[in-house]
Amino acid sequence: METTINLSLWVETYTSDLYSWAFHKVSDSELAKDLVQDTFLVAAEKAESFKGESSPKTWLFSILNHKIVDHYRKKVNQPLALENQALSDFFEADGGWQESRKPKDWKEVDDEHLLDDNEFQKVLKKCMDALPDKWNTAVKLKYLTEKNGDEICQELDITPSNFWQIVHRAKLQLRDCVEKNWLNN
Amino acid sequence: MIKQIMNKLFLSCLKASELIEKKMHVKLSFTEQMQLKAHKMMCEACTTYEKQSLILEKGIEQHLNQKKEAIDLEQLKKQITMNLNKSKS
């Protein structure tokens, strides 16, 4: 009975902080809401194991963080059928660039300028959304987890070489998409 | 044949662009650093690739740091409480 009382108090007290953190980590409001909900459901299930050794807040955040890592682990370990085909789209058999996919010089603007350009941002967003889920996640992980490559791999159970390859393919596709959609504007 | 030897020494564009991505996450080994440097000296496409890839990185970061949408926290709290009650029964 006591845990029920605690839980509703915790929902009232910590939902806001948990949500902010979850959103910061996944940058998707619907997903962040789900993660916070799941956190409380797990907390309800495991209420007996909470011994009050840490503060409720610390305990809830540790559950939430597990949920977030789980979410990314699932995404990154999803099989993706396109994967092998993708590299041969960009490179010849000997590893040289395909002529049509060779990076072209973008308009002569400096980075800052480019990144302030609304049109460019729009194209970039569109191209990120067009990536397969797994690739989209891979390119964001560095910023979302604020961890270095080795730690990301460890946490998500993927081999480092596999991770670079995913990021590599994602960036090739992203760059190509941005170039085609932006330069042709 | 010559191409194969060159690729071993100075990397193929495929491998070089992969190292460029790797470099943004971890420190490359000394050999990898040297190989990548040599490759870029000879390869304009990969030099361009790196420049653009860095711009994309900054763009991704900016995009992720955008302000969060305001959501209805009270609604979320209500929903959570409801689900908690449901799971109990």
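Refer to the structure above for everything that follows.
Right, let's walk through the structure included here. No experiment lies behind these values; they were computed from the predicted model shown.

What counts, and where the lines are drawn
Residues numbered from 1 in each chain as written. Chains lettered and ligands numbered in written order. Predicted model: local features only at pLDDT ≥ 70, side-chain atom pairs only at ≥ 80, totals over all residues. Heavy atoms only, no water. Patch = residues over 30% accessible without salt bridge, like charges linked within 9 Å, V, L, I, M, F, W, Y side chains within 5 Å. Areas by Shrake-Rupley, 256 points an atom, 1.4 Å probe, with all protein chains shown as cover. Salt bridge = Lys/Arg side-chain N within 4 Å of Asp/Glu carboxyl O. Helix = DSSP H or I, 4+ residues; strand = E, 2+ residues; numbered from the N terminus. Buried < 20%, exposed > 50% of the residue type's maximum accessible area, 1.4 Å probe, protein only. Core = buried A, V, L, I, M, F, W, Y, C linked by side-chain atoms within 4.5 Å. Contact = heavy atoms within 4.5 Å. Buried area = accessible area lost by both parts, 1.4 Å probe.

### Structural notes on a nonpolar patch on the surface
In step 1: A cluster of nonpolar side chains, contributed by Met6, Met41 and Met42 of chain B, occupies part of the molecular surface with about 350 Å² of accessible area.
In step 2: Among the secondary structure elements, Met42 of chain B is positioned in helix α3 (residues 30-42).

### Side note on unusual backbone geometry
In step 1: Located in the positive-phi region is Ser27 of chain A, a residue other than glycine, with phi close to 45 degrees.
In step 2: Turning to its location among the elements, Ser27 of chain A is positioned in the loop between α1 (2-26) and α2 (29-45).
In step 3: Phi at Leu11 of chain B takes a positive value of approximately 75 degrees, unusual for a residue other than glycine.
In step 4: Residue position: Leu11 of chain B is located in the loop between α1 (2-10) and α2 (13-23).
In step 5: Among the residues examined, Leu11 of chain B registers a relative accessible area of 7% and is labelled buried.

### Thoughts on the nonpolar core
In step 1: Of all hydrophobic cores here, the largest spans 62 residues; its most connected members are Phe40, Phe163 and Val178 of chain A.
In step 2: Ranked by size, the runner-up nonpolar core spans 17 residues in total, among them Trp97 of chain A together with Cys43, Ala45 and Cys46 of chain B.

### Side note on the interface of chain A and chain B
Interface size is commonly expressed as the accessible surface area that is lost when the partners come together.
In step 1: Counting residues at the interface gives 56 residues for chain A, matched by 43 residues for chain B.
In step 2: Buried surface at the junction of chain A and chain B, summed over both partners, amounts to about 4700 Å²; 68% is from carbon and sulfur atoms.
In step 3: When the area that chain A buries against chain B is broken down by residue, the three leading residues are Tyr143, Trp164 and Lys171 of chain A, summing to 15%.
In step 4: Among the ionic pairs, Glu21 of chain B bridges to Lys171 of chain A, the shortest N-O distance being 3.0 Å.

### Structural notes on the pattern of salt bridges
In step 1: Applying the stated criterion across every chain, the model contains 21 salt bridges over all chains.
In step 2: Residues Lys125 of chain A and Asp129 of chain A are paired through a salt bridge, measuring 2.9 Å at the closest nitrogen-oxygen approach. Of this pair, Lys125 of chain A and Asp129 of chain A both sit in helix α6 (residues 118-130), 4 residues apart, roughly one helical turn.
In step 3: Of the charged contacts in the structure, one is a salt bridge between Lys171 of chain A and Glu57 of chain B, with a shortest N-O distance of 2.6 Å. Of this pair, Lys171 of chain A sits in helix α9 (residues 160-183) while Glu57 of chain B sits in helix α4 (residues 44-64), each in a different chain.

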